[in-house]
Amino acid sequence: MLDKQIEAALNGQIEMEAQSSHFYLGMATWAETSGLNGTAAFLYRHSDEERQHMLKLIRFVNERGGKAHIPMLEAPKAEFEGLQGVFTTLLEHETRVTASINEVVDLCLSRKDYTTHNFMQWYVSEQIEEEALARTILDKLAMIGSDSAGLYLFDRDLEQLDPEV
Ligand code: FEO
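Keep in mind the model is a prediction, meaning the values are calculated, not measured.

1. Focus: the pattern of salt bridges
Taken as a whole and assessed by the stated rule, the structure comprises five salt bridges. With its nearest N and O atoms 2.8 Å apart, the salt bridge here joins Asp3 to Arg111. One end of the pair, Asp3, is in the segment before helix H1 (4-32); the other, Arg111, is in the loop between helix H3 (82-110) and helix H4 (114-144), with 108 residues separating them in the sequence. In this structure, the salt-bridge partner of Glu63 is Arg59, at a minimum N-O distance of 3.4 Å. Residue Glu63 and its partner Arg59 are located together in helix H2 (residues 37-63), separated by four residues, close to a single helical turn.

2. A closer look at the packing of H1 against H3
Describing two packed helices takes the angle between their axes plus the distance from one axis to the other. The N-to-C vectors of H1 and H3 enclose an angle of 170 degrees; their axes lie 10 Å apart at closest approach. Taken as axis vectors, H1 and H3 run roughly antiparallel relative to one another. Of the residues assigned to the contact of H1 with H3, the class counts are 16 nonpolar, seven polar and three charged.

3. Regarding the side chain of Glu131
Position of Glu131 among the secondary structure elements: in helix H4. With near-sequence residues (within four places) excluded, Glu131 lies in contact with Leu91, Glu94, Thr95 and Thr98.

4. Here's the deal with the environment of Glu79
Along the chain, Glu79 falls in the loop between H2 and H3. The exposed category is assigned to Glu79, whose relative accessible area is 60%. Residues Glu79 and Ala31, 48 residues apart in the sequence, show an inter-C-alpha distance of 9.6 Å.

5. Some remarks on unusual backbone geometry
Within the chain, Lys112 stands out as a residue other than glycine whose phi angle is a positive 55 degrees. Its location among the elements puts Lys112 in the loop between H3 and H4.

6. Some points on H2
The first and last C-alpha atoms of H2 sit 39 Å apart over 27 residues, in line with the 39 Å expected at 1.5 Å per residue. Of the residues flanking the end of H2, it is Gly65, one or two places downstream, whose phi is positive at about 90 degrees.

7. Quick word on empty space enclosed by the protein
Within the structure shown, the criterion is met by one cavity of 30 Å³ or more. Computed from the structure, the largest cavity encloses a volume of approximately 40 Å³. As for the largest cavity, its lining consists of Phe42, His46, Phe87, Leu90, Glu130, Leu133, Ala134, Ile137 and Pro163. Here the lining of the largest cavity takes four residues from H4, the largest share from any one element. Of the residues contributing to the lining of the largest cavity, the split by class is seven nonpolar, one polar and one charged.

Parameters at a glance
Residues numbered from 1 in each chain as written. Predicted model: local features only at pLDDT ≥ 70, side-chain atom pairs only at ≥ 80, totals over all residues. Heavy atoms only, no water. Salt bridge = Lys/Arg side-chain N within 4 Å of Asp/Glu carboxyl O. Helix = DSSP H or I, 4+ residues; strand = E, 2+ residues; numbered from the N terminus. Axes fitted to C-alpha atoms, helices over the stretch in contact; angles between N-to-C directions. Parallel < 35°, antiparallel > 145°, perpendicular 65-115°, else oblique. Nonpolar A, V, L, I, M, F, W, Y, C, P; charged D, E, K, R; others polar. Contact = heavy atoms within 4.5 Å. Buried < 20%, exposed > 50% of the residue type's maximum accessible area, 1.4 Å probe, protein only. Expected span 1.5 Å × (residues − 1). 1 Å grid on protein atoms, 1.4 Å probe; cavity = no way out; pocket = protein on both sides within 12 Å on 5 of 7 lines; lining within 4 Å. Points joined across faces, edges and corners; volume = space filled by probe spheres on them.

Structure, rendered in structure tokens:
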């Protein structure tokens, strides 16, 4: 049976992953309507992956005798200051997700729930990759600046980039 405090923390994380999926859908829509189809494709995939992160948590909570709470979501941001704005927002959001995952991990240790602690390690690794990827994208954008040929190639490259690296 899942400890009540752990269950509440996991439900908080379910909300965070659901909100991430929703946020990235807002970004994908912005990109698609700004003529950035490669970036949109990347962000749609990223949104789908966040939904998978949410589902994995829902199944874990329910299978361990808890009850997953399906949250109400905040409307995502619809306008951005260009690609820099999108990926800066994405990185800031992922940094908050990492902090939240670390809090769940801390709680697992203090409540001696080693099963959930083990389960959460997948999320710990995933966050390292996601933050690194967002930083790499921001570095590329800083190099490109306002060069339109560079931005064209950047958008085309993102079409192929897997957010789950
Ligand atoms: Fe599933 Fe990007 O946090």
